[in-house]
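Fold and geometry: a report
Each chain, written out:
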Amino acid sequence: MSGAIAIAILAAALFGAAAPASKLLLSELTPFQLAGLLYLGAALGVTPVAWREGGLRLPSRSDRLNRSRLLGAIIAGGIVGPVLLLFALRTADATSVSLWLNFEVAATALLGVVFFREHLGALGWGGVAAAFAGAAILSLPGGIAGLEAGLLVLLACLCWGLDNHLTALIDGITPSQSTFWKGLAAGVTNLAIGLALDPLAAGLLAVLAALFVGVWAYGASIVLYIRSAQALGATRAQIAFASAPFFGVLLSVLLLGETLAGAHLASGALFIAGLALFALERHAHVHAHEAMEHEHPHRHDDGHHDHDHADLPRGIMHTHRHRHAPMTHAHPHWPDLHHRHNHDH
């Protein structure tokens, strides 16, 4: 568990750098052009990893469910979400946008309850309320422009919340492979739209810089996040990944010279309180697993994978198709690939 949380925090640090870096790049690139280059960079960055994990393959043609999940993740998280965020960055400072991104935790939790059979108790709902309050503190003083920028970021967070759930449920291909296809499809689509709307006015250095940011802030970060989400579940992985906006705030102050106002500090305090409430929530009960067969990264010390491998330590993560026998047990759990069930309480 601690390893999955550490992976999520590393993903957060990389993604947190995206907002201030994108703010600089928007001086030469339009939002669509920049979104396209960022995601093409993501695809480029994960290609070697995806190739080592079995090639650039998609879910099989017969696996319509996972193909639909991947398509939904591409549209919501790769095409719509990034463009909304970059339009917000054109009018708002990177510090505010970075803090608004904390709403992704609440968005993921809300979508999980409504659409993905996740459980949210009193502490979790308190975290959602704190996130809404933190977003309002930053948006309201800015008038109409502040409300518009805040709304764009909140809509982007809803898109990424949906993306988080869909990608956490994809099996049959590895996180690197799904990231490659998301980056390629979203990158080509957004860049094509951007070039159709406006000619490319940026120089070669800006284009290469955008690709570089995409490799690390989107490519490496997405792969690491998917790995943590498949181990922890989308909502709980977001608790650790939610440190990304605070990395963004720090870099915005250090690199862009932006200042922290009282509203930033108050909003940050509310978001931190919300994250603490999410982290304190516990969920455990007797639950049954039906027999199933699927493929995803897993290890043999998690209580759900008891098949044998010669000369493979139980704590090593690996991927292959495997079958689960029916099982009933009780333990603290998260809404990951093995825990999507209804609740009677």
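Before reading further, recall that the structure is shown in the block above.
Computed from a prediction, not measured in an experiment: that's the story for all the values here. Once a new chain begins, its residue numbering starts again from 1 and follows that chain's sequence as written. Local features in this predicted model are restricted to residues of pLDDT 70 or higher, and side-chain atom pairs are both shown and tallied only at a pLDDT of 80 or more, whereas totals for entire chains, interfaces and linings draw on every residue. Note that the side-chain values use all heavy atoms of the structure and ignore hydrogens as well as water.

Here we come to the packing of aromatic side chains. Paired rings are identified among Phe, Tyr and Trp, the last through its six-membered ring, by centres lying within 6.5 Å, and are further divided according to the angle between planes into stacked (under 30 degrees), edge-to-face (over 60) and tilted (the rest). Considering all chains together, one arrives at 6 aromatic pairs under this definition. Between F15 and W160, the ring centres sit 5.9 Å apart and the planes meet at 85°, which makes this aromatic pair edge-to-face. A residue pair is termed long-range when its members are at least 10 positions apart, and F15 in helix α1 (residues 2-16) and W160 in helix α8 (residues 143-169) qualify at 145 residues. Each of the two residues, F15 as well as W160, counts as buried. When the centroid spacing of 5.7 Å and the interplanar angle of 75° are considered together, the rings of F15 and Y218 count as edge-to-face. Of this pair, F15 sits in helix α1 while Y218 sits in helix α10 (residues 204-232), and the two are 203 residues apart along the sequence. Taken together, the aromatic side chains of F15, Y39, W160 and Y218 make up a single cluster linked through ring pairs. The secondary structure listing takes helices from DSSP runs of H or I that are at least 4 residues long and strands from runs of E that are at least 2 residues long, numbered from the N terminus. Three exposure classes are used, based on accessible area relative to the maximum for each residue type with a 1.4 Å probe and protein chains only: buried under 20%, partly exposed in between, and exposed over 50%.

A few words now on helix α12 (residues 244-256). Expected span, for any helix, means 1.5 Å times one less than how many residues it has. For α12, with 13 residues, the first-to-last C-alpha span of 17 Å sits near the 18 Å given by 1.5 Å per residue. The set of residues buried in α12 consists of A244, P245, G248, V249 and S252. When α12 is viewed along its axis, its buried side chains cluster within an angular range of 145° and face the same direction. Among the residues trailing α12, G257 stands out with phi positive, at a value near 75°. What the arc describes is the spread of directions from the helix axis to the C-beta atoms.

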